[in-house]
Each structure stands twice: as C-alpha cells, then as structure tokens.
Amino acid sequence: MENERDVRTLGRPGGLAGGPLGNLAAGGEPPGRRRRGRWIAAGVVASLLVGCGVVLWPARSGPKEPPEPAPGTQALAAVALGVPASLPDLAVLIGQREAEVKARPQDAHAWAVLGSAYVERGRRTADAANYPRAERALRAALKARPRGNADALGGLAALANARRDFRAARTWGEAALKADPKRWTTYPLLLDAYTGLGDYKATGRTLDKLSELRSGPAGLARIGAVYRDRGWREDAAASLADAAAGAATPAEQAAWLERAGQLSWERGEREEALSHFDEAVRLDPDQRAAQAGQGRALAALGRTTEALNAYRVALAGQPSPRYALELGELYESLGLVQAAKVEYDLLRARVRAGAAGGVDDELVLGVFESDHGDPWAALRRLRTEWRRQPGIEVADALGWALHRTGDDKEALRFATAATDKAHGGGVRSALYVYHRGIIEREVERYGPARRHLQEALRINPHFSPLRVPLARQALAALGDVPDEPVPTGASTVPAAPPAS
C-alpha cells in the first residue's frame, strides 16, 4: 500500500518532484549543502567503525542493480498519470484492485484505480466489454466518496473520451477540474473533449494551462497532438521527441513513438515513419497502433506481403474498425475484392460490438459507408454526429458524404471547414485536402481544385492506396494552369457551416 499512497500524488503539480528543484520548491535545503552534510556524517560513522575495529566489506563490487518494480506498480503509476501501460502489468493491477474492492467495498480510491485501468485496457485492446465494467467501478468510487473525488471524475472523463462521447467527457472533465484545480492530468482529458467538439477557443485556453504546469512527457505528447491539429508539424515533432525521450516505461515510450510515426506518415516520410513504428513495436509488442502503422508504411514502400501481415497482427490484438477499413482498402487496391469484403463485414460487426459497450463509432461507419456501402446511410449518420460533436474529422466525413450523394454545393462548405485554418481546420491532412479538391472540381472551381489536389499529393504522396491514383487521374484531367488573369473582388470561398 505504500506505493499506492505515493502514486496518489502523481496527478498534482510537484507530485513527481523528487530532484533538486523539487526539494528547493518545497523549502528544503539546496542539494549541494545536503550532500556535504551527508559526506560529513558518513565520515564520522566510518571513523567510529574503524576505531572500533569493524570493517564492512561490500557483498559484491560494482553498482547495485535497482530492484525490479513490484507487479502492477508501473501500471498503477501509468493509470494515475493517464499514460499507456503495458497489458501484462495492467492485468496484474486489475487483479489486485478487484481483490481490494472485494475486501474493502468502501475504498473509493481502489475503485477509481480499477475503473481507470479498465478504461486503459479497453482502449488498448478495442474490447468494449471493458467500458461497462469501468463505468460501474468509477460510479462505485463516486458513491463511496461523492464530494471532491477528482480521481473518479477524471476516470469518467477518460471513459467518455474512449467511447467518443465528447460532450460527456467535457462535463466530467470540468467537474474533475472543479474538484481539484491543481490536478494537471485533467487537462489532457479536456483537450480531447474540446477537440472532438470543435471548441478551439477552449482547446487553446486548456493548452496554455497545461503548458504552464510543465507536466512532463504525458503533457508534452498531448501538447504535440494539439500542435499537429493546428498544422505546426515541426513543433509537434519536437514535443513528441521530447515526450519519448522522457518516458518512464517502455509502454509509454512506445506510445509516443507511435504518435511520432503517425506524424511522419502524415508528412509522407515513409521510411522515418516505419522506423518509429518498428521501434515502438520492439519496445512494446502489444503496441497495435504501431503495427497498423507498419502496415501503412510498408504498403507505401511496396512491401505488400509484410504490410498485410502487419495489419493482420494489429487486428488480432486490437480489432479496431479503423484498421479493418484500412486493410480492406489495401486489399481492394490489390484487386482482392473478396478479401476486402471480409474486412468490411468484420468492420460492421466490430462497430456493433463497440456500440454494445457504449462506443460511438458512427464516424468510422459513416466514412466506410460513403465509399464502400450506402452513401445515404452515411449522410444520415454523419449529420447526426455533426449535431452532437462538430469536430474537424466529422466535418470532412460529412462533406464527403454530401459529395457522394450529389450535393456538392453544401459539401464544399464542410470541406472548407475541415481544411481552412480560419475555421479550425489547421491539420495538414492529405485526405481532407484531396476531398476538397474533388468537390471543387465538381462545382467547376477548377483552379482551386487543381491547387488542392496538388497540395494533397505534396503533403503525402502515399496517403491512400485507393485514392492516390484517383487524385493523379483527376489532376491530369484538369490539365495545366490556364493563362487567365487573377480574379478580383469578393472571395468565393463558401462560409463555414454552423456548429449545430
């Protein structure tokens, strides 16, 4: 229980401070003075021992190896900090806390840790059955301690984010912040919620507060994600590199390397992305997002057999509908239509399984239906999703569904919102820009269409095995830039759609 009491302070500023600056901030002695005092004390003790004829020989030479952490300890620290934990260590932690709450059903902290551990396991395995268990545990924590229980409230915010219920995540996150304003681990949860809701002013305020708290690798990684969303890719890469370098465990380091690999992939840097993904998998063989990333990069490098194997391994350990969609599209690009259909059927089944655990996968299902199923069904789903949580991903997907159902004028409004920095669409996504270029071509805005299709291929020439050939064909059909005067007068860019 000692390690548990220590970890309870990890979410607060200074909770990890054990070094010289932390001691000074707490009013302790400067490190140099303390070390000199220790040397003087050590000399006195040594003199006494020698004077008494006692000689202490070391049991062995060389530096002493640090003891192995107790099973579950690393997962406990990771859960407290809101960072990835290894699956084996997470299983030990869950077993320990299940036994604790059975023995002491009024232990609010043990219930909160158990619920947060279930959330992390559900997120890492895509097994939505973990989420109802997490909710029961976190509500039991609130029942045991209804007032000021920031641990349980933060756990419920993390659960809502994992389920893609960003409105609920905002509500729980803001309640956690009210219960304990110094709990820095609440801020990344709110960043996810505000981003999902398209509330970029709140995202900016929350990012500033998180930056002030200097929360270490976990904070740096989340800051890097916001930088990526704003299109500040160099800043994002620097933040992720610092996060990976400062990670406390292999599982955490692997997670930040996976994000760095994803950023490299979005920039079209196939070899660098693959290097990040490979290292992430070496550090944590259960890092399924990195294995899917390997599939993405290997396919772009023409190493198709290896790519298919990487996707299969990722899906075996984390049956994510997104990975199934990517694998299905890779099969389709290879002419393996029946194999693609198998993945698409599995995608639908996985979305249904997720819904049983409270997961909102309407976005990925809408994206799938737009291109491979029923575009009208996609449009209905995505309109509902836009009303609930109007983030950039939903704006792009809804714009594309409108295009696929023939309403290109309205489609362009959403495609513009997804790609125009003035409306929050700062992320440099080749797919989003491709969608905008195709839609502009359909409304006969040929100059912007040509420019955006070129930009998509410049951002990432390998962004999709299905869409890159279509982008090249569309660009070739548009031909060279005509010798026309630069247009003057009012802008013809359509206004952004309302947020609800």
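Parameters and conventions
- Residues numbered from 1 in each chain as written.
- Predicted model: local features only at pLDDT ≥ 70, side-chain atom pairs only at ≥ 80, totals over all residues.
- Heavy atoms only, no water.
- Helix = DSSP H or I, 4+ residues; strand = E, 2+ residues; numbered from the N terminus.
- Buried < 20%, exposed > 50% of the residue type's maximum accessible area, 1.4 Å probe, protein only.
- Contact = heavy atoms within 4.5 Å.
- Core = buried A, V, L, I, M, F, W, Y, C linked by side-chain atoms within 4.5 Å.
- Axes fitted to C-alpha atoms, helices over the stretch in contact; angles between N-to-C directions.
- Parallel < 35°, antiparallel > 145°, perpendicular 65-115°, else oblique.
- Left-handed = near helix turned anticlockwise from the far one by under 90°.
- pLDDT = per-residue confidence, 0-100.
- Phe/Tyr/Trp six-rings, centres within 6.5 Å; stacked < 30°, edge-to-face > 60°.
- Salt bridge = Lys/Arg side-chain N within 4 Å of Asp/Glu carboxyl O.
- Nonpolar A, V, L, I, M, F, W, Y, C, P; charged D, E, K, R; others polar.
- Expected span 1.5 Å × (residues − 1).
- Arc of directions from axis to C-beta.

K.L.:
Residue-level account of the overall build of the protein, with values.
P.N.:
Check the secondary structure of the protein and you find 26 helices and zero strands. Relative to its full complement of 500 residues, the protein shows a buried share of 48%. Of all intrachain contacts in the protein linking residues separated by at least 6 positions in sequence, the fraction that spans at least 24 positions is 57%.

K.L.:
Break down the nonpolar core for me, citing the residues and quoting the values.
P.N.:
Leu90, Leu93, Leu114 and Trp256 are the most contacted members of the largest nonpolar core, which has 61 residues in total. Examining the composition of this core, we find that eight residues originate from one element, helix 6 (residues 108-125), more than from any other. Residues in contact with Leu114, not counting those within four places in the same chain, are Ile94, Arg97, Glu98, Val101 and Ala137. Judged by nonpolar contacts, the second largest core, of 36 residues, contains Ile392, Leu398, Ala418 and Leu457.

K.L.:
Please give an account of the packing of helix 13 (residues 233-246) against helix 14 (residues 250-266) that cites residues and values.
P.N.:
Between two packed helices, what matters for the description is the angle formed by their axes and the separation of those axes. Contact geometry for helix 13 and helix 14: axes closest at 8 Å, N-to-C directions at 160 degrees. Compared by their axis directions, helix 13 and helix 14 come out roughly antiparallel. For the element pair helix 13 and helix 14, the recorded crossing hand is left-handed. For the pair formed by helix 13 and helix 14, the contact residues are Arg233, Ala236, Ala237, Leu240, Ala243 and Ala244 on the first element and Gln253, Trp256, Leu257, Arg259, Ala260, Leu263 and Glu266 on the second.

K.L.:
Go over the confidence of the model for the protein with me, naming the residues and quoting the values.
P.N.:
Of the residues in the protein, 81% reach a pLDDT of 70 or more, and the chain-wide mean stands at 85. Every residue in residues 1-66 scores below 50 in pLDDT, and together they form 42 contacts with partners more than four places removed in sequence or on other chains.

K.L.:
How would you sum up the packing of aromatic side chains? Please name residues and give values.
P.N.:
All told, the structure shown has five aromatic pairs when counted by the stated rule. Each ring, one from Tyr227 and one from Trp232, has its centre 5.5 Å from the other, and the planes form 45 degrees; the classification is tilted. Summarising the aromatic geometry, the rings of Trp386 and Phe414 are spaced 5.2 Å apart at their centres and angled 85 degrees between planes, so their arrangement reads as edge-to-face. Of this pair, Trp386 sits in helix 21 (residues 375-388) while Phe414 sits in helix 23 (residues 408-419), and the two are 28 residues apart along the sequence.

K.L.:
For the pattern of salt bridges, give the residues involved together with the corresponding values.
P.N.:
Inspection of every chain in the model, using the stated rule, returns 36 salt bridges. A salt bridge links Glu385 to Arg164; its shortest N-O distance comes to 4.0 Å. Highlighted residues: Glu385 in helix 21 and Arg164 in the loop between helix 8 (150-162) and helix 9 (166-179), separated in sequence by 221 residues. Of the two residues, Glu385 and Arg164, neither departs from the other in class, the shared state being buried. Glu279 serves as the salt-bridge partner of Arg282, at 2.6 Å between the closest nitrogen and oxygen. You can see Arg282 and its partner Glu279 sitting in helix 15 (residues 270-283), three residues apart, about one turn around the helix. On the basis of relative accessible area, Arg282 is assigned to the exposed category, the value being 54%. Within the structure, one salt-bridge network assembled from shared partners comprises Arg164, Asp165, Arg322, Asp360, Glu385, Arg388 and Glu393.

K.L.:
Help me get a handle on the environment of Gly426, residues and values and all.
P.N.:
Looking at the element boundaries, Gly426 is found in the loop between helix 23 and helix 24 (430-442). Accessibility expressed as a relative area gives 7% for Gly426, which makes it buried. Sequence-wise, Gly426 and Ile392 are 34 residues apart; in three dimensions their C-alpha atoms are separated by 9.2 Å. Excluding anything up to four places from it in sequence, Gly426 contacts Asp229, Arg230, Gly231 and Lys421.

K.L.:
How would you summarise the packing of helix 16 (residues 288-300) against helix 17 (residues 304-317) if you had to cite specific residues and measurements?
P.N.:
Close contact between helix 16 and helix 17 brings their axes to 8 Å; oriented N to C, the two are set at 160 degrees. Relative to helix 17, the element helix 16 lies roughly antiparallel. The element helix 16 and its partner helix 17 pack so that their crossing is left-handed. Between helix 16 and helix 17, the residues in contact are Arg288, Gln291, Ala292, Gln294, Gly295, Arg296, Leu298 and Ala299 and Glu306, Ala307, Ala310, Tyr311, Val313, Ala314 and Gly317, respectively. Considered class by class, the residues forming the contact of helix 16 with helix 17 number eight nonpolar, four polar and three charged.

K.L.:
A description of the side chain of Thr206 should follow, citing residues and the corresponding values.
P.N.:
Within the secondary structure layout, Thr206 lies in helix 11 (residues 200-213). Residue classification places Thr206 among the buried positions, given a relative accessible area of 7%. Here Thr206 is in contact with Tyr187, Leu190, Leu191 and Tyr194, once residues within four sequence places are set aside.

K.L.:
Kindly report on helix 26 (residues 467-478), identifying the contributing residues and their values.
P.N.:
For helix 26, spanning twelve residues, the distance from its first C-alpha to its last is 16 Å, which sits close to the expected 16 Å at 1.5 Å a residue. For helix 26, every residue scored as buried is listed here: Arg467, Val468, Ala471, Ala474, Leu475 and Leu478. Buried residues along helix 26 cover an arc of 125 degrees about the axis, so they all sit on one side. Facing away from the buried side of helix 26, by more than 90 degrees, are the exposed residues Gln473, Ala476 and Ala477. Contact partners of the buried residues in helix 26: helix 18 (321-333), helix 20 (362-372), helix 24 and helix 25 (446-459). Count one or two residues on from helix 26 and you reach Gly479, which has phi positive near 75 degrees.

K.L.:
Talk me through helix 4 (residues 73-81); I want residue IDs and the actual numbers.
P.N.:
When we look at burial in helix 4, the residues that qualify are Thr73, Ala75, Leu76, Ala78, Val79 and Leu81. Backbone geometry just after helix 4 places Gly82 at a positive phi near 70 degrees.

K.L.:
Now, about the environment of Ala477: what can you tell me, with residues and values included?
P.N.:
Note that Ala477 resides in helix 26. Exposure remark for Ala477: the relative accessible area of 63% places this residue in the exposed category. Separated by 27 residues in the primary sequence, Ala477 and Arg450 have C-alpha atoms spaced 9.7 Å apart.

K.L.:
Can you tell me about unusual backbone geometry, naming the residues and giving the values?
P.N.:
Note: most peptide bonds trans; most residues except glycine with negative phi. Positive phi values are uncommon outside glycine, yet Ala126 reaches one of about 60 degrees. Tracing the backbone through its elements, the reader meets Ala126 in the loop between helix 6 and helix 7 (130-144).

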